[in-house]
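# Geometric and topological summary
So the chains spell out like this:
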Amino acid sequence: MRNIAKKSNTLDILNKYHLTAAKKYGQNFLVDPHIIEKIASCAPITKDTYVIEIGPGIGALTEALALRAKKVICFEIDERLKPVLADTLADYDNVEIIFEDFMKADLDGLVTSLHSDDVCVVTNLPYYITSDIITKVVTAQSPIHHMAAMVQKEVALKLTRDKSPLTLMIDYVGSIDYAMTVSKNVFIPAPHVDSAVFTITKERTIPLDLCELIKGAFKQKRKTILNNMKPFFNDPRKALAACSIDPTKRPADLSIEDYVALNQERRNHES
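Residues numbered from 1 in each chain as written. Predicted model: local features only at pLDDT ≥ 70, side-chain atom pairs only at ≥ 80, totals over all residues. Heavy atoms only, no water.

The next thing to look at is the overall build of the chain. Regarding its fold elements, the chain presents twelve helices and nine strands. Taking 271 residues into account, the globule formula puts the C-alpha radius of gyration at 18 Å, and the chain, at 21 Å, falls close to it. With the C-alpha coordinates of the chain rotated into their principal frame, the extents come out at 65 × 40 × 30 Å. Within the chain, the proportion of its 271 residues that are buried is 50%. (Helix = DSSP H or I, 4+ residues; strand = E, 2+ residues; numbered from the N terminus. Rg over C-alpha atoms; globule rule 2.2 N^0.38 Å. Buried < 20%, exposed > 50% of the residue type's maximum accessible area, 1.4 Å probe, protein only.)

Membership of the largest hydrophobic core comes to 57 residues, with the highest contact counts inside it found for I134, Y259 and L262. Element by element, the count of residues in this core is highest for helix α8 (residues 165-173), at six residues. The contact partners of Y259, leaving out residues within four places of it in the chain, are L168, L210, L213, I214, A217, F218, I225, P251 and L254. Among the nonpolar cores identified, the runner-up in size contains 38 residues, and L30, C74, L81 and A148 belong to it. (Core = buried A, V, L, I, M, F, W, Y, C linked by side-chain atoms within 4.5 Å. Contact = heavy atoms within 4.5 Å.)

Cis geometry is found at the peptide bond from I188 to P189, where omega equals -15°. Within the secondary structure, P189 sits in the loop between β8 (187-188) and β9 (195-202). Even without glycine at this site, H18 takes up a positive phi of about 50°. Tracing the chain through its elements places H18 in the loop between α1 (7-16) and β1 (29-30).

Structure (structure tokens):
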């Protein structure tokens, strides 16, 4: 184990490759091995687990995951890191680096090709694209059973406290928990705010038409659910009555069960 996350080791690697954090990719290098171990421990990883990591950076978290998992498959968008990762992760033959934008990758195709129901995602997410990446994992139709992610603390708090299309979709597939706070002082360079780790447990996949309905309901979240259901029903008032939903409620007032009922009503009318 090279202990990449040790501050002196990280600095040596950055200096060796004349590497600086790329602001456009939201890069910050975590330099606390203890925190790395805690993040890796947030997911139920065994020697049978396939881990998908998004944004391995110089490989600090990847190293901890490789020691636990059957295989770690990393998506990295920054091609400057090709020689770095080839060096830092040379000792781990169970690590595969895919230099591709995760948002453009065929996630379901990849997971299906693994022929395993023991797949999880562990990642330190860049702040600028956090919600899109979480949504892609949550709405994946393949058997990804767990996600552990470090994000901006404010984002983690919103995901665990507020109601939004994403949190409703998480409610449908399973559950979310706030795992721990991570100080901004354990990064190089230090971000302006603290981070946090949350975990999502996926017990089932979510139908894509239900995702469409939920997102549509929140397009004008200050308007009533009656108004927002007009694109989905010829007679939205009748559909809401059939589901025992007050038409004057706002989208955030509805539960995931309400949206499931509405989606079933929509299917019934389309069939």
